Amino acid sequence: KTHLQASNTRTNYAGHVRRGREWLASHFESSTVSETRRDDIFQGSLVPLLTTAEITADNDVYEDLAFKDAFENVPNRCSDKALALYMSLKGFHENLSKTTVESIRSAFKKMWELLDGDTYRGKWHFNEAKQRWEGNPADSADIYDVLSSIKHKASAEGGDRTHSMAMTKDYMDRAFRWHQAACPLDIALQMIEKVMNGAQPSDICLDLEMRMKLTRHLEQVTFASNGWTLWTRCDPARLWSMRDLTCYIGSKCTPYFEIFLVNRKGWQKKVDKGQWEADLRSNHYKIYPRPDAPACDSFFWTMIWIKWLELFHYGRTLLPNDFLFPAMSANGVMHPGQPISHDTVQKWINESTTGAGIRGNFSTHCFRRGGAQYWFMFAPVGQRWTLAKVRWWGGWADGEHRDTLVRYLLDELHSYETDYSDALSPISRGADASLAGEHALTRPASTEELRMVHASVVADVNSLRNDMHSLTSVVVQAACSTAIALQHLNSSHRFTTEQPLSPRPIVSPMPTVALSTSSTSRRPRASTTVSSSQKLPTPGLVIPRVPVAHPNGTSSPKNKSWKEIVEHWLVGDQDRGLTTPLKDWPREWYQGANRRFASKYHQRATIALEFINQYESNEAHFLAAYPEAELGHTQLLKAVNKARAARGDRVSRNK
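Keep in mind it's a predicted model, so treat the numbers as computed, not measured. (Residues numbered from 1 in each chain as written. Predicted model: local features only at pLDDT ≥ 70, side-chain atom pairs only at ≥ 80, totals over all residues. Heavy atoms only, no water.)

## Side note on the packing of aromatic side chains
Right, on to step 1. For the structure shown, the criterion picks out 35 aromatic pairs.
Right, on to step 2. With centroids separated by 5.1 Å and ring planes inclined at 15°, the aromatic side chains of Trp 124 and Trp 133 adopt a geometry described as stacked.
Right, on to step 3. Since its relative accessible area comes to 7%, Trp 124 is described here as buried.
Right, on to step 4. What links up through ring pairs into an aromatic cluster is the set Trp 228, Trp 231, Tyr 285, Tyr 374, Trp 375, Trp 385, Trp 392 and Trp 393.
Right, on to step 5. Of note, Arg 316 hangs over the ring of Tyr 314, and the distance from its end group to the ring centre comes to 4.8 Å. (Phe/Tyr/Trp six-rings, centres within 6.5 Å; stacked < 30°, edge-to-face > 60°. Buried < 20%, exposed > 50% of the residue type's maximum accessible area, 1.4 Å probe, protein only. Lys NZ or Arg CZ within 6 Å of the ring centre and 35° of its normal.)

Take a look at the structure:
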């Protein structure tokens, strides 16, 4: 069962089943359910689908004692009705997408069909001979009716319009220019160059605010270029760590790095088909420099980003378990063992598109769509990819449903080739005459086109002549004024005592970016000292977040947070950057320039020492004294502080 599906799929399916069971159990918390509640459940959820007679029949099913166990591992006579009800609730009242509702059905279907060989596979029916229900409840007529209705609803509401727009190369360039204007990335490049030439990172003039700003923009640019190049989605389970990346120098001295996308879409289908030899190289991608496209240069920005993390955050080389795109806390500390979240990437996309003045709906899928469409349709002539190459690079299986590639490529191509908004243009682009209007780029220029070019050049030359004439007049007037002023100065100087004029100080222009290891070369400030709150913390220090986030996108339960805190205190957490246990931290690691760790350090110490010293590491006694531990470490900390205050171990500050 472990290898039937990808781990990410198993995780998603388990979540759907768990939420479905919680929903069903919430209606049976007491031994009896009111008539009003029952009507709300059925009539409120299935009004779009069921007739009055069917609602009455469903009420009879609801009275059945087996309805309470409809979502258990072994299905019963009520399972299909319960699943139809749950899907209808999600699709119509919570307005979830048809894809999500289909995923809910698939989750329950997979759970039941793996139970007992062929017993719960196929059409759902009652076996009169064996007097039992057989087949899969997810394949019943009620379920297909619900799916059909939700699909019709999505089509009627224009569901396709909610798809993400493609992040075209033009949009990538515009977003990159916005990043450069908001935070010149050349600053980071110059800093890295200085350190690699022998300077120490601590000698670079860099405060915390500037480091956070540079880190945020560098990570965004690097992530966007990789997403557009590798056509990846933002999913914590698909974000790679350093063990998946290897750098090479090719046989012709061409540098590149090779990335392995371990959870790439479609890998399981290739294995199922026995394509072992092909699978040895699938999901492996060689990324080369692209200096002609700086916004999409995945090679360049990835190498810069790795050096930035190593030199100015961790003070060490990246470890195999370190994520390439780690999460950054509000105080500027990077968490190498925790990847960025989907919400963070979506926030980045919204920020960059808004800042660059790009309108439209862009989700984390926009890079995948934009990269695929560019190489299939909009790359320069002679560089466009075949459909087979697009399918391989995007990880689509050979038998991928035609709608998938149509949605990514051909719909956009059809819209481009049937777009007649420029019908009045003097020069037609002829988009419908060849693939993506390619013939317009290769055909000879017509007489009309040459005439228009000649007229444009003549106009530009005449405009340049007029500008030169105006400039010449201004220069002549300025020269005359200067000569007259010098004459007056000389005449007045004859009547003054002979005294040499003091030389006028030469004022050198202030450079746009001043980077030096010496404090005297920095830009003038009101104060030459940097406050301790703005000094950079010691590289590599981190206190992991709890509940601990796992690489597959899940998090530990809240009631386990206190155990993780005790583990961090006594043992540490190598995978998440805590190489030294908190109990062994010297005072300077959470004071002075590192005082941003002080609050979290003392909170962790309070919980850990209460468990170790006060309750002698007895878990049963500790949980009996602090039931708040089931609610998470925040509530537990409040309870511990209250108990310490009652014992006289804690003195409250006067506010």
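## Brief notes about the confidence of the model for the protein chain
Right, on to step 1. Here the protein chain averages 76 in pLDDT, while 70% of its residues score no lower than 70.
Right, on to step 2. Across the protein chain, the element-wise mean pLDDT spans from 46 in helix α2 (residues 35-46) up to 94 in helix α7 (residues 169-182).
Right, on to step 3. The low-confidence segment residues 30-58, where pLDDT is below 50, has 39 contacts with residues more than four positions distant or belonging to other chains.
Right, on to step 4. Taken as a whole, residues 493-532 scores under 50 in pLDDT and shows 29 contacts with residues more than four places along the chain or in a different chain. (pLDDT = per-residue confidence, 0-100. Helix = DSSP H or I, 4+ residues; strand = E, 2+ residues; numbered from the N terminus. Contact = heavy atoms within 4.5 Å.)

## Details of the environment of Asp 186
Right, on to step 1. Mapping Asp 186 onto the fold places it in helix α8 (residues 186-196).
Right, on to step 2. For the pair Asp 186 and Leu 214, spaced 28 residues apart in sequence, the C-alpha separation works out to 9.9 Å.

## Considering α8
Right, on to step 1. Listed as buried for α8 are Ile 187, Ala 188, Met 191, Ile 192 and Val 195. Down the axis of α8, the smallest arc covering the buried residues is 130°, so these residues share one side.
Right, on to step 2. Packed against the buried residues of α8 are α9 (208-230) and α12 (298-314).
Right, on to step 3. Looking at the residues trailing α8, positive phi occurs at Gly 198, about 120°. (Arc of directions from axis to C-beta.)

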